[in-house]
Amino acid sequence: MSDDLFQRIPAAARALLKAVSNLAEKQGVVLYIVGGFVRDLKLGISSTDYDLVVVGDAVKLARALRKSYGGDLRVHKRFGTANWTVTSVKSNLVQTLQDFADEAINISELPELLDFVTARSESYTQPAALPKVQPGDMQADLARRDFTVNTFALPLSEAVSEILSVPEAQQDLDQGLIRVLHDQSFIDDPTRIFRAVRYEQRLGFEIEPHTLELLQAALPYIAELSGDRIRHELDHIILEVERIAILERLDDLGVLAAIDQDLVLNATVRAGLGRLPGDTENADMAYVTWLAYLPQEDIQRIAARLQFSTELTEASLAASKLKSDLPDLSEASPSQLVKCLEHVPDLALKAMTYVLEDANQKRLVENYLNDWVDIKARADGHTLKERGLEPGPRYKEILTTLRSAWLDGEVSTPEEEEVLLERLLND
Ligand code: CTP
């Protein structure tokens, strides 16, 4: 085990990893923590992505852990992978793990989830298709990866001390370069185009010149990717703090246009996405904010290409419609506005508070969300029934008129509502 780097891991996570490596040793398998976690550890950035590679049966190891410590296990036998979630057993774990720790450990430093993968090699039979995988050794596992800086493997087994990586990894990390391992990389897996830009902008690195040439040459292969796989990459991107820088770079490189010719960035979109909270966890909100400036038919096409859920497609369409309708509503009364807004999905309304630049329009939507949505007449269907009104369309008309009167300030006390109700019933 390489002590220096290992010591940088928070104490509770270190104790958990020791418990895991203890079991791995009993099973006679060697275990590494790999990928972004080690890259970030070397850069002094904290990471919550505990990706563990087992040179041997990862599923068997994860099952033994669940048996010893509890928690929840999700196994993909066919891929030789498992995720072990410890959230539900954290308070027990923190006590049990104290034996593996050299200092008092803190529950908040325990990871939620460990990912276990069986070391494997991959072969691609077709561009942009998922690879064929077979068990392999650690070097083969590192050689299948996307970029040199993601190939570090820190051994967690006492018997092994050497950190593995491909040869250029440390130099590229020192120089801040994103470099593919071989010329076919982006063609085998065009999602790496998105990943390269995401890492470049997030880490303040640069895509190395030859890699950049390969990336640009591989743009036509984006068309071969399924909508789900592209959206999955975009999900990661729009939740990054650096989302605007990443999208700008993707736009400059022609990556967004390779998804759809009208999916470009402009000043309006940049401003809208800039108003989203930096640490938002709501990808759907970010998509609606991004797409609301587009005409309906462009949204339909992009939503179909990215395999949006029906809910997300509808919210994006509604936001775009509202954006074009709102300028005509600046003189409208509260009740007229409520009539327009009450059928708009909540997601679209909330996104409008980021989309809209005009302070007056924004205030209208905020008034609706914060106040008007809750304003209701006191009377309801039961009241009308008690007052002897025959069931029929009059019910809705009267209740709408009462609500409008409250919204527009024509009625402001229960007594005034009663007077109006009386009048309506007598009409
Ligand atoms: N990987 C890859 N090609 C992909 C996706 C992933 O080679 N298309 C490899 C990379 O080596 C990566 C590892 O799988 O380091 C884990 O992937 P992921 O969890 O997506 O990325 P992290 O490296 O953990 O990076 P981050 O969470 O910082 O985005």
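The shown structure was predicted, so the numbers you read here are calculated from the model rather than taken from an experiment.

1. Focus on the environment of Q126
- The residue Q126 is located in the loop between β6 (120–123) and β7 (132–135) in this model.
- Residue classification places Q126 among the exposed residues on the basis of a relative accessible area of 52%.
- Along the primary structure Q126 and D188 are separated by 62 residues, whereas in three dimensions their C-alpha atoms are 7.1 Å apart.

2. As for the packing of helix α19 (residues 346–355) against helix α20 (residues 359–370)
- Interaxial distance between α19 and α20 falls to 9 Å at its minimum, and their mutual angle equals 135°. When the axes of α19 and α20 are compared, the pair comes out oblique. Of the two possible hands of crossing, α19 and α20 adopt the one that is left-handed. Touching D346, L349, K350, M352 and T353 of α19 are K362, V365, E366, Y368 and L369, all from α20.
- The class makeup of the residues in the contact of α19 with α20 is five nonpolar, one polar and four charged.

3. What to know about the domain arrangement of the protein chain
- What the domain assignment lists for the protein chain is domain 1 (2–175), domain 2 (178–316) and domain 3 (381–426).
- Each of domain 2 and domain 3 has a C-alpha centre, and the two are 51 Å apart.

4. Quick notes on helix α4 (residues 58–69)
- Taking 1.5 Å per residue, twelve residues should reach 16 Å; α4 reaches 16 Å between its end C-alpha atoms and fits that length.
- Buried within α4 we find A58, V59, L61, A62, A64, L65 and Y69.
- Just downstream of α4 lies G70, where phi reads positive at about 80°.

5. Points about the nonpolar core
- By size, the foremost hydrophobic cluster in this structure holds 124 residues, and its most contacted members are W84, F116, F194 and W290.
- When residues in this core are grouped by element, the largest group, ten residues, is from helix α2 (residues 11–26).
- Per-domain counts for this core show at least three residues from each of domain 1 (2–175) and domain 2 (178–316).
- Apart from residues lying up to four places away in sequence, F116 is in contact with V20, L52, V54, A58, L61, A62, L65, G80, T81, A82 and W84.
- Among the nonpolar cores identified, the runner-up in size contains 13 residues, and A379, L402, A405 and L420 belong to it.

6. Quick notes on the environment of I238
- Of note, I238 is situated in helix α11 (residues 227–238).
- Spatially, the C-alpha atoms of I238 and A19 are 36 Å apart, while their sequence positions differ by 219 residues.
- Beyond its immediate chain neighbours, meaning those up to four positions away, I238 contacts R243, L247, A283, A286, Y287 and W290.

Criteria and thresholds
- Residues numbered from 1 in each chain as written.
- Predicted model: local features only at pLDDT ≥ 70, side-chain atom pairs only at ≥ 80, totals over all residues.
- Heavy atoms only, no water.
- Helix = DSSP H or I, 4+ residues; strand = E, 2+ residues; numbered from the N terminus.
- Buried < 20%, exposed > 50% of the residue type's maximum accessible area, 1.4 Å probe, protein only.
- Axes fitted to C-alpha atoms, helices over the stretch in contact; angles between N-to-C directions.
- Parallel < 35°, antiparallel > 145°, perpendicular 65-115°, else oblique.
- Left-handed = near helix turned anticlockwise from the far one by under 90°.
- Contact = heavy atoms within 4.5 Å.
- Nonpolar A, V, L, I, M, F, W, Y, C, P; charged D, E, K, R; others polar.
- Domains from an automatic or database assignment.
- Expected span 1.5 Å × (residues − 1).
- Core = buried A, V, L, I, M, F, W, Y, C linked by side-chain atoms within 4.5 Å.

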